[in-house]
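Below, each chain spelled out in residue letters.
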Protein chains: 2
Amino acid sequence: MNRPAAALTLVEPRDLARLAEAFRTALPLAPGTEPHLAGVVEDVLAHPGSLARAQLAYAVLAELRFPRRRARELATALELFHTASLLFDDLPAMDDARERRGQPCPHVRHGEAAAMLGALGLITRAYQLLWQSFGLLPRERAAQASELVAHCLGVAGILNGQAEDLHFASLGAAGADATARVERVAEGKTVTLVRLSLVLPALVGGSSADEIASLERLSRTWGLAYQGLDDAKDGLLASAETGKSTARDGLLGRPNLPAAAGWDAALERLAGHLDGARAAIAELTARRPGWARPPAGLGASAAG
Amino acid sequence: MNRPAAALTLVEPRDLARLAEAFRTALPLAPGTEPHLAGVVEDVLAHPGSLARAQLAYAVLAELRFPRRRARELATALELFHTASLLFDDLPAMDDARERRGQPCPHVRHGEAAAMLGALGLITRAYQLLWQSFGLLPRERAAQASELVAHCLGVAGILNGQAEDLHFASLGAAGADATARVERVAEGKTVTLVRLSLVLPALVGGSSADEIASLERLSRTWGLAYQGLDDAKDGLLASAETGKSTARDGLLGRPNLPAAAGWDAALERLAGHLDGARAAIAELTARRPGWARPPAGLGASAAG
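Analysis parameters
Residues numbered from 1 in each chain as written. Chains lettered and ligands numbered in written order. Predicted model: local features only at pLDDT ≥ 70, side-chain atom pairs only at ≥ 80, totals over all residues. Heavy atoms only, no water. Axes fitted to C-alpha atoms, helices over the stretch in contact; angles between N-to-C directions. Helix = DSSP H or I, 4+ residues; strand = E, 2+ residues; numbered from the N terminus. Parallel < 35°, antiparallel > 145°, perpendicular 65-115°, else oblique. Left-handed = near helix turned anticlockwise from the far one by under 90°. Contact = heavy atoms within 4.5 Å. Nonpolar A, V, L, I, M, F, W, Y, C, P; charged D, E, K, R; others polar. Phe/Tyr/Trp six-rings, centres within 6.5 Å; stacked < 30°, edge-to-face > 60°. Buried < 20%, exposed > 50% of the residue type's maximum accessible area, 1.4 Å probe, protein only. Buried area = accessible area lost by both parts, 1.4 Å probe. Polar contact = N/O pair within 3.5 Å; in protein donor to acceptor, adjacent residues only side chain to side chain.

Q: What's the story with the packing of helix H3 (residues 52-63) of chain A against helix H4 (residues 68-89) of chain A in this structure? I'm lost.
A: The relative placement of two packed helices is expressed as an angle between their axes plus a distance between the axes. All names here are of chain A. Close contact between H3 and H4 brings their axes to 8 Å; oriented N to C, the two are set at 155 degrees. With respect to H4, the axis of H3 lies roughly antiparallel. The element H3 and its partner H4 pack so that their crossing is right-handed. Two secondary-structure elements touch here, H3 through Ala-52, Arg-53, Ala-54, Ala-57, Tyr-58, Leu-61 and Ala-62 and H4 through Arg-68, Ala-71, Arg-72, Leu-74, Ala-75, Leu-78, Glu-79 and His-82. Taken together, the residues that form the contact of H3 with H4 break down as 10 nonpolar, 1 polar and 4 charged.

Q: Looking at this model, I keep getting lost on the packing of aromatic side chains. Mind explaining?
A: Geometry of an aromatic ring pair is reported as the spacing of the ring centres plus the angle between the planes. This model, assessed by the stated rule, comprises 9 aromatic pairs over all chains. Both rings, one in Trp131(A) and one in Trp131(B), keep their centres 5.3 Å apart while their planes meet at 65 degrees; by these two values the pair is edge-to-face. Linking Trp131(A) in helix H6 (residues 112-134) with Trp131(B) in helix H6 (residues 112-134), this pair reaches from one chain into another. Residue classification places Trp131(B) among the buried residues on the basis of a relative accessible area of 11%. Among the aromatic residues, those joined into a cluster by ring pairs are Phe81(A), Tyr127(A), Trp131(A), Phe134(A), Phe81(B), Tyr127(B), Trp131(B) and Phe134(B).

Q: Hey, could you run me through the interface of chain A and chain B in this one?
A: Think of interface size as the accessible area that goes away when the parts come together; that is how it is often given. Facing the 45 residues of chain A at the interface are 45 residues of chain B. For the pairing of chain A and chain B, the buried interface totals around 3,900 Å² over both sides, and the portion due to carbon and sulfur atoms is 73%. Of all residues in chain A, Leu117(A), Trp131(A) and Val155(A) give up the largest surface area on contact with chain B, accounting jointly for 18% of the area buried on that side. Counting every contact that joins chain A to chain B gives 13 residue pairs in polar contact (both at pLDDT 80 or more). Of all the secondary-structure elements, those providing two or more residues to the side of chain A that touches chain B are helix H2 (35-46), H6, helix H7 (139-153) and helix H8 (158-166) of chain A. Top contributing element to the side of chain A that touches chain B by residue count: H6(A), with 14 residues.

Q: What is the right way to look at unusual backbone geometry in this model?
A: Working note: non-glycine residues mostly have negative phi, and peptide bonds are mostly trans. All names here are of chain B. Backbone geometry places Leu-51, a non-glycine residue, at a positive phi of 55 degrees. Here the phi dihedral of Asp-96 falls at roughly 50 degrees; this positive angle occurs in a residue that is not glycine. Taking the relative accessible area as the measure of exposure, Asp-96 reaches 32% and is therefore partly exposed.

Written as structure tokens, this is what we have:
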């Protein structure tokens with residue numbers, strides 16, 4: 001079963017099938033690859049999830065008339081970074097999850113070391129794919145794109161977000177302060193990868209500064225809404241429904257919007273973020289009608 | 001103390017001081033960076049080791065008249081990749097080491113999760129630095145350079161070597177077969193990073209195909225000799241002398257040349273590799289007298 005698990009469709013079915021195929025074949029293994037390492041890579045590539053990030057990036061690049069093959073490479077790279085982040089997140093030293101996408105986590109089946117090495121393999125391949133698409137760009141734009149990647153994936157971005165997520169309980173914040181902290185972690189942990197899915201392809205594809213500013217706003221509001229909904233799901237649903245280990249935030253002392261703000265205030269904040277996202281989409285659509293399509297299809301179904 | 005630990009000097013003292021400074025300041029942290037993550041990054045950047053890989057790469061690029069600042073960036077990137085690999089190697093799921101460079105390992109002081117996130121931070125920054133130096137190159141050469149990086153750092157290179165290292169005991173080889181397997185692991189685990197230190201800068205700096213072939217040979221023979229000497233040290237020296245946890249290969253069932261081949265045969269193989277390295281250096285020197293300097297200064301003192 002190599003088809004994406006979720007029903008999220010932001011691109012033409014034929015393009016989605018090609019993205020799924022590009023992901024499935026993203027990292028060919030040489031014969032004789034060590035079996036634990038090979039097992040991790042094969043497992044994660046065989047269960048691609050919704051490919052939400054790849055679809056978003058591809059939709060943006062297609063709208064900007066970027067060459068299709070290079071667009072698929074960039075989209076695949078983002079999905080590989082995301083998949084690598086899930087491999088690390090699920091390790092015992094982080095979230096200690098046992099299943100993901102309805103399967104036992106790779107570290108459960110093949111060992112922690114192999115999960116780490118496999119994740120590094122995905123990252124290495126992702127950088128190579130990014131390089132291939134950046135190689136088409138004017139030097140100045142390639143430099144901006146690589147700055148954005150380094151910022152989002154580095155110690156100022158997702159890595160700090162993940163570290164704050166893990167050590168959230170030790171921060172001891174309460175009330176409004178706790179809500180702000182929860183959203184700060186979400187900015188590091190979640191918004192960064194949304195920015196890579198929306199702003200990076202816009203930059204690579206040559207969007208205007210105005211469009212990029214609107215996409216920055218959309219990334220932030222939608223990312224915060226997405227993480228808030230994920231937090232809400234964590235408390236509400238059983239593992240069987242989400243396909244990953246749930247109700248863990250409370251157990252692990254992790255940031256969780258309804259837990260920090262209470263349900264009423266949390267829903268109000270979510271509504272505010274979704275309003276912000278709608279406003280950003282309206283700005284984008286006013287400039288370029290094609291923008292209406294991808295974000296309008298987005299919802300809470302884009303599960304990891 | 002921000003000076004390199006070992007006495008290995010392959011470049012002018014002023015250049016070495018600049019390389020040390022470039023490494024020390026390679027990853028500035030924003031105020032408010034999560035303290036465990038910040039602790040790992042600060043610890044590893046404060047204890048740079050011999051900077052052997054950075055010195056090698058810089059020496060090659062200097063000989064090829066590559067712009068000095070970009071040469072330092074590429075050299076620093078290689079040292080960051082190497083340092084990240086040590087952070088992963090030392091984790092409990094891998095070598096379970098407790099000290100490195102005379103200090104407690106970062107995962108011991110700051111936790112495993114922070115060690116992984118810090119390592120990923122070094123890798124992210126290293127790719128950004130590589131991009132900056134590749135940005136100067138003709139597109140074709142930049143593409144070759146990024147292929148080499150992806151090959152050496154990916155599942156066909158160091159990651160497979162590390163996976164084979166960890167699962168070596170389960171392979172159950174003996175005799176001549178065991179020796180071949182030990183060296184196969186060393187090719188993945190050690191030779192790949194030597195190739196990045198010698199062949200990558202030669203490619204980036206515009207060496208001829210002949211020179212690159214000689215540097216490939218030098219990388220392989222010198223890498224195998226280096227790993228064989230490291231294996232020998234593992235059995236012979238106490239922790240106090242090497243500054244890292246030792247005598248672990250036997251305990252952990254890891255590949256070790258003298259253990260696999262016996263001391264006599266191991267020393268014979270080492271001599272053969274060193275002869276091969278000398279021959280490669282002679283080829284290089286015959287073409288370009290400047291090559292004589294860096295490799296001639298190399299020896300067994302380039303400890304990790």
